[in-house]
Amino acid sequence: MKNVKIIDLQLLFLFVHACIAKADFAPYFYDNGPYSRNGNLALFSLSEDTAVGTHIYSLNGTDPEGQEVRYGLSFEPGSEEYFSIDPKSGNITLIEELDREKEDSINVLVSITDGQSQVVERVTIFVMDANDEKPEFQNMPAIIDVLETTESGSSIYQVEAVDRDTGSGGSITYYVQNAQASLFGIDRHSGVIRLKSDEMLDFEKTKTHFVTVVAKDGGGNYNGKEQFLSSSATLTINVIDAQDTPPSFIGTPYFGYIYEVSVPGSEIFTVTARDGDVGNPNPIVYSLDEGDDGVFSINRTSGCITLLTLPAYLKREIFNVKVKASEVGPEGQLMDFGLATVVIRVVDLNNNPPTFYGERGPQNVFELTLNEHPPEGEILRGLKITVNDSDQGANAKFNLRLIGPGRMLRVVPQTVLNEAQVTILVEDSASLDYEKHHFLTYKLLAIEIDTPERFSATADIVIHLMDTNDNAPKFSSDYYIARIPENSPGGSNVVSVTATDPDSGSWGEVKFSIYGSGAEMFLIQPMTGIIYTQPWASLDAEVRSKYNFYVKAEDSDGKYSLAEVFVTVLDLNDHPPAFNDNFLEKTMVIGAPVKIEAVDDDAEVPNNVIEYAIMRAEPENNIFDINSDTGEIMLKSYIKSMAIIQNITKQRDCTWSLVVQARDRGHPSFSTTAVVKIDVTEATKVNGGSLGSILMQNRKSPLHIIGILAGFISVMVTVTVIISTAMFLRNKKSNRITPNRRVRRRQRTQSSWIFQNPLRRLNNPEEKFRVEEEEKEPPARVENVNYNNNAANVVRQWPPPPSAPSLPPPPLPLASGERKWAVPTVSADVDARPKRKLVNSKQESVNRALVSELKMRLEKKGLQNDM
């Protein structure tokens, strides 16, 4: 038994434990209120303009046991599904467009589950309005009828429109398009259309009116922006005619004729009238009011006038019969009426031709004075012309024609019955030109139309045209091109312009003037148009070679025209070439040319193109060539070293004086010469390591070399100062005297280079290296016939040669006195250099030997230092 109880307790324990393990609590949503974007969707609202694909809400809940939850969303059967949900995150997305006007709330079932328990809640999502609906007319478009007698300010129609939006987007205001031009106005709020207070309807003017009414909502938010929507519709208003207008006759004035062959009962004329109220016309009856003398009758309904007696019994030739047209009311009563006059003429045989009449009776010549170019359509009122045919009926019907030059005038009327006032109109104003025709003659012809006789008559119309200032002066050309040499004196004629004005009198007189930025150098004769230079003007093509300005031709009334003048100043060869200096010094390294340059101030080629040539050389052995275009002077091609030069010249002195000519290519040609002193030397190899290489590389840039040397010297000076300062401080410290120690310094003996000359006899050794000249060159006077901007008579002196440097090494013997040089030109001769006369040839040989010995010693010492 005891074992049985133990087993029962164990089973009971297992059962209780299983029950506790199976117990599970359901998950639940958070309720965060209606303004939250996460929770259980309770009282959530959404605008209908929300875009599809927008994340609108997130379901949010939890499980008490902490289990992972998933969310669900479903709709009632048969309803449209607007949203989708992510089961894991609970994010709800809009997948269909919303429309509050169709469905303002959406019922949704939301659920949350932890895998074992599921909670489902039913929520309602409210769709909020956006201004997305236009107003819709309920009774438009429409067609209404309105009596033309409607009083001003009366209401004629009420427009009704509905906007399904709410709030301000659902409120509507009305207005009429083109309200100022319309006869109607509308109440903004009620939509009642009224006839404006100061307007009346008139069927006879306008039978139908179209009124466009616009309905506009009050605006509202849509997609984040304020939006106003409107609609329009047209109201058609038909005006109903009222009986307010009397009858009117058609085709007036009326003329009727009685012929000699007419019999009683013959139809003379038929009048026609209609009710002025054409919308609802009444019947018309006719009657004779007065002037018929009992000899005419009229049909009451057709309006046909007939003759009651024979023409022979008629007492007048012309009858003015008044015909009355009356409206017949619905009950047969006579209402409004209208009157018209019918002129009835008794026609006899065709025995009279047409005749022209003036103010004093029959006339066949009419004259008129008229300004040219009258306005088109203007009546020539100075002509008082009447044409008449005394016959009756068809015998008095004729045509008028105007025969003359061109179609400048026309006659009115062109067809006449019996009599008419002749009117002549301007047809072509441009052709009535005084400059073309001083007077015009026309034939006015009247010829019968339907008669066998075709009687006719003519009259001459003579029109004298008077001139007006209708033309501006006109130049013979739109522009004038002139050329003038630059050496032209002041007052020289440049060009003559011509302009004509076809007007007469003072209007045809033309005066000329010039203006513009280039006109300051010129004048113009006002009457002849001759343009000439200012008296003080000095034209120079090198300063300015182009001028352009305007010339104005003006008549006495201020009418003018313009032409442009282009003046070119022709360059003349008035400047000779010029060197910067008439004496030039150049150093030539063998293998490298030297360049000289002259400048010609003329403006154009070939006047400013320069050619160079060597005219003379001193010594006479010319070893140079010159580039005629560039001015580069170079040694002849076979000269490669100084030895060749000394071989040719038999001299150690390699200095030449060249007379170089610079000649331009103008006509006539000018030339200028200059003396070029050239020292020929050989390229020397510079030993100095990198510094020498730098100097050789920059030998063509002196400023660069000077800068390098200045920098090098500055560095050396700085180093020297630093070393000197250090040595000074060291010596100062070492020279201090202490009681314990004395330093006795031995005086240094400094050796110096001593050159002993066993041949030295004179106190001043420089005297041995001087060479005296017996004769001094006289100064050469040179006349410059080419006028190269130099003085006419010039005395040039060569600068003195450089003095000899002190020994070592001694210089070559040179003359002690100054040597004078003259500047030769093409027209002058270069004086030959006088020969030097040595004072002591033996002494000179000794000096040369001494110099050679000293030079060899210095070269050996330099080689030892390099080693």
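Residues numbered from 1 in each chain as written. Predicted model: local features only at pLDDT ≥ 70, side-chain atom pairs only at ≥ 80, totals over all residues. Heavy atoms only, no water.

**What about the overall build of the protein chain?**
Here is the rule we go by: Runs of E in the DSSP output that reach at least two residues are strands. Runs of H or I that reach at least four are helices, and both are numbered from the N terminus. The classification of residues rests on relative accessible area computed with a 1.4 Å probe and restricted to protein chains. Under 20% of the type maximum is buried, over 50% is exposed, and intermediate values are partly exposed. Two residues qualify as a contact provided that any one of their heavy atoms is within 4.5 Å of a heavy atom in the partner residue. Methods summary: accessible areas were calculated by the Shrake-Rupley approach with a probe of 1.4 Å, and residue burial reflects only the protein chains presented.
Tallying secondary structure elements over the protein chain gives five helices and 62 strands in all. Every one of the 867 residues in the protein chain was classed for burial, and the buried ones make up 35%. Taking all contacts inside the protein chain whose residues are at least 6 apart in sequence as the whole, residues at least 24 apart take part in 65%. With the model as given, the accessible surface of the protein chain reaches about 53200 Å², and the carbon-plus-sulfur share is 51%.

**So, a negative patch on the surface**
The criterion, for reference: Candidates for patches are residues over 30% relative accessible area with no salt bridge; among them, like charges are joined within 9 Å and nonpolar side chains (Val, Leu, Ile, Met, Phe, Trp, Tyr) within 5 Å. Between Lys or Arg on one side and Asp or Glu on the other, a salt bridge is scored when a side-chain nitrogen of the former is within 4 Å of a carboxyl oxygen of the latter. We count Lys and Arg on the positive side and Asp and Glu on the negative side, and we leave His and both chain ends out. Charge positions come from single atoms, namely NZ of Lys, CZ of Arg, CG of Asp or CD of Glu.
A surface patch of like charges, here negative, comprises Glu80, Glu81, Glu96 and Glu97. Locating Glu81 in the fold gives a position in the loop between β6 (70–75) and β7 (83–85).

**Concerning the sheet that holds strand β17 (residues 192–195)**
What counts, and what does not: At least two bridges found by DSSP between two strands is the condition for calling them paired. Note on geometry: axes are lines fitted to C-alpha atoms, helical ones only across the stretch in contact, with angles between N-to-C directions running from 0 to 180 degrees.
Spatially, the three strands line up as an open sheet ordered β13-β17-β16, and their pairing is antiparallel. What marks the edges here is a single partner per strand, and that holds for β13 (155–158) and β16 (184–186). On average, adjacent strands in this sheet sit at an angle of 25° to one another, irrespective of strand direction. Relative to β17, β13 runs antiparallel, the two being bridged by three bridges. Directly across from Gln158, in β17, lies its bridge partner Val192.

**Remarks on the pairing of strand β9 (residues 105–113)**
Sheet analysis places β6 next to β9, joined by six bridges and oriented antiparallel. Across the sheet, residue Tyr71 finds its bridge partner in β9, namely Ile112. Here β9 runs beside strand β10 (residues 118–128); their pairing, made up of nine bridges, is antiparallel. For Ile106, the partnering residue across the bridge sits in β10 and is Ile125. Here β9 hands over to β10 after four residues, with Gly115 in that stretch at a positive phi of 100°.

**Considering the pattern of salt bridges**
The full count for this structure, using the stated rule, is 13 salt bridges. Residues Arg100 and Glu101 are paired through a salt bridge, measuring 3.4 Å at the closest nitrogen-oxygen approach. Note on Glu101: relative accessible area 16%, which makes it buried. Of the charged contacts, one joins Asp460 and Lys443 as a salt bridge, the two residues approaching to 2.6 Å between their closest N and O atoms. With a gap of 17 residues between them, Asp460 in strand β40 (residues 456–466) and Lys443 in strand β39 (residues 439–448) connect regions that are remote in the sequence. Lys443 gets classed as partly exposed once you look at its relative accessible area, which sits at 39%.

**Some details on the sheet that holds strand β12 (residues 142–147)**
The strand order across the open sheet built from four strands is β12-β21-β18-β15, with neighbouring strands paired in mixed fashion. Both edges of this open sheet fall to β12 and β15 (172–176), since each of them pairs with a single strand only. Direction aside, the axes of adjacent strands within the sheet are offset by 30° on average. In this structure, strand β18 (residues 208–217) lies alongside strand β21 (residues 230–240), joined through nine bridges in antiparallel fashion. Among the inter-strand pairings, His209 is bridged to a residue of β21, identified as Ile237.

**Quick word on a nonpolar patch on the surface**
Taken together, Leu709, Phe712, Ile713, Met716, Val717 and Val721 make up a surface patch of nonpolar side chains, about 530 Å² in accessible area. Turning to its location among the elements, Phe712 is positioned in helix α4 (residues 702–734). A relative accessible area of 41% places Phe712 in the partly exposed class.

**Some thoughts on the packing of aromatic side chains**
To keep things clear, this is the line we draw: Between 30 and 60 degrees the pair is tilted, below 30 it is stacked and above 60 it is edge-to-face, where a pair is any two Phe, Tyr or Trp rings, Trp via its six-membered ring, whose centres lie within 6.5 Å.
Across all of its chains, the model carries 15 aromatic pairs by this definition. Both rings, one in Tyr254 and one in Phe269, keep their centres 5.1 Å apart while their planes meet at 50°; by these two values the pair is tilted. A residue pair is termed long-range when its members are at least 10 positions apart, and Tyr254 in strand β23 (residues 254–259) and Phe269 in strand β24 (residues 267–270) qualify at 15 residues. Note on Tyr254: relative accessible area 2%, which makes it buried. Look at Phe624 and Trp656: their rings are 5.7 Å apart centre to centre, the planes differ by 80°, and that puts the pair in the edge-to-face class. Note that Phe624 is positioned in strand β55 (residues 624–626) and Trp656 in strand β57 (residues 655–664), a separation of 32 residues in sequence.

**Some remarks on the nonpolar core**
Note the threshold: Here the nonpolar core consists of buried residues drawn from Ala, Val, Leu, Ile, Met, Phe, Trp, Tyr and Cys, with membership extended through side-chain atoms lying within 4.5 Å.
Judged by nonpolar contacts, the single largest core of 30 residues is most densely connected at Phe356, Leu409 and Ile461. Elements with a minimum of two residues in this core: β33 (365–371), β34 (385–388), β35 (397–403), β36 (409–412), β38 (419–426), β39 and β40. In terms of residue count, the dominant contributor to this core is β40 (five residues).

**Some words on the environment of Val462**
Considering the arrangement of structural elements, one finds Val462 in strand β40. Residue classification places Val462 among the buried residues on the basis of a relative accessible area of 15%. Expressed as a C-alpha distance, the spacing of Val462 and Glu367, which sit 95 residues apart in the sequence, is 4.7 Å. For Val462, the contacting residues outside a window of four places in its chain are Phe366, Glu367, Leu368, Leu440 and Thr441.

**Some thoughts on the confidence of the model for the protein chain**
We apply this condition: The pLDDT value expresses, per residue, how confident the predictor is, ranging between 0 and 100.
Here the protein chain averages 78 in pLDDT, while 79% of its residues score no lower than 70. Low pLDDT (under 50) marks residues 1–7, which in the prediction has zero contacts with non-local residues, meaning those over four places away or in another chain. Throughout residues 737–842 the model reports pLDDT below 50, and contacts reaching past four residues in sequence, or to other chains, amount to 122 contacts.

**A closer look at helix α2 (residues 642–649)**
Rule in force here: What the arc covers is the set of directions going from the helix axis to the C-beta atoms.
Those residues of α2 lying buried are Met642, Ile645 and Thr649. Buried residues of α2 fall within an arc of 60° about the axis and therefore sit on the same side. The exposed residues of α2 that point more than 90 degrees off its buried face are Ala643 and Asn647. Its buried side turned inward, α2 meets β56 (632–635), β57 and β58 (671–681). Positive backbone phi, at 60°, marks Lys650, one or two positions downstream of α2.

**With respect to the side chain of Thr150**
Threshold: In protein, a polar contact requires one atom able to donate a hydrogen and another able to accept it; more generally it is a pair of N or O atoms within 3.5 Å, and residues adjacent in sequence count only if both atoms are side-chain atoms.
Tracing the sequence through the fold places Thr150 in the loop between β12 and β13. Thr150 sits in the buried class, given a relative accessible area of 17%. A distance of 2.7 Å separates the side chain of Thr150 from the backbone oxygen of Leu147, its partner in a polar contact. Not counting residues within four places of it along the chain, the set of residues in contact with Thr150 comprises Leu195 and Met200.

**Quick notes on the environment of Gln525**
Counting through the fold element by element, Gln525 comes out in the loop between β46 (522–524) and β47 (530–533). Judged by its relative accessible area of 30%, Gln525 falls in the partly exposed class. Among residues more than four places away in sequence, those in contact with Gln525 are Phe512, Ile530 and Tyr532. Among the polar contacts made by the side chain of Gln525, one reaches the side chain of Thr528 at a distance of 2.6 Å.

**A short note on the pairing of strand β28 (residues 304–307)**
Within a regular strand, side chains alternate between the sheet's two faces. Judged by which residues are buried, β28 turns out to be covered on both faces: Cys304 and Thr306 on one side and Ile305 and Leu307 on the other are all buried. Sheet topology places strand β27 (residues 296–298) next to β28; three bridges connect them, and they run antiparallel. Across the sheet, residue Phe296 finds its bridge partner in β28, namely Leu307. Here β27 folds back onto β28 in antiparallel fashion, the turn holding five residues, of which Gly303 has a positive phi close to 80°.

**As for unusual backbone geometry**
Here the amide bond leading from Met140 into Pro141 is cis, since omega sits at -5°, within 30 degrees of zero. Along the chain, the position of Pro141 falls in the loop between β11 (136–137) and β12. A cis amide bond, omega -5°, links Val412 with the succeeding residue Pro413. Even without being a glycine, Leu43 presents a positive backbone phi close to 55°.

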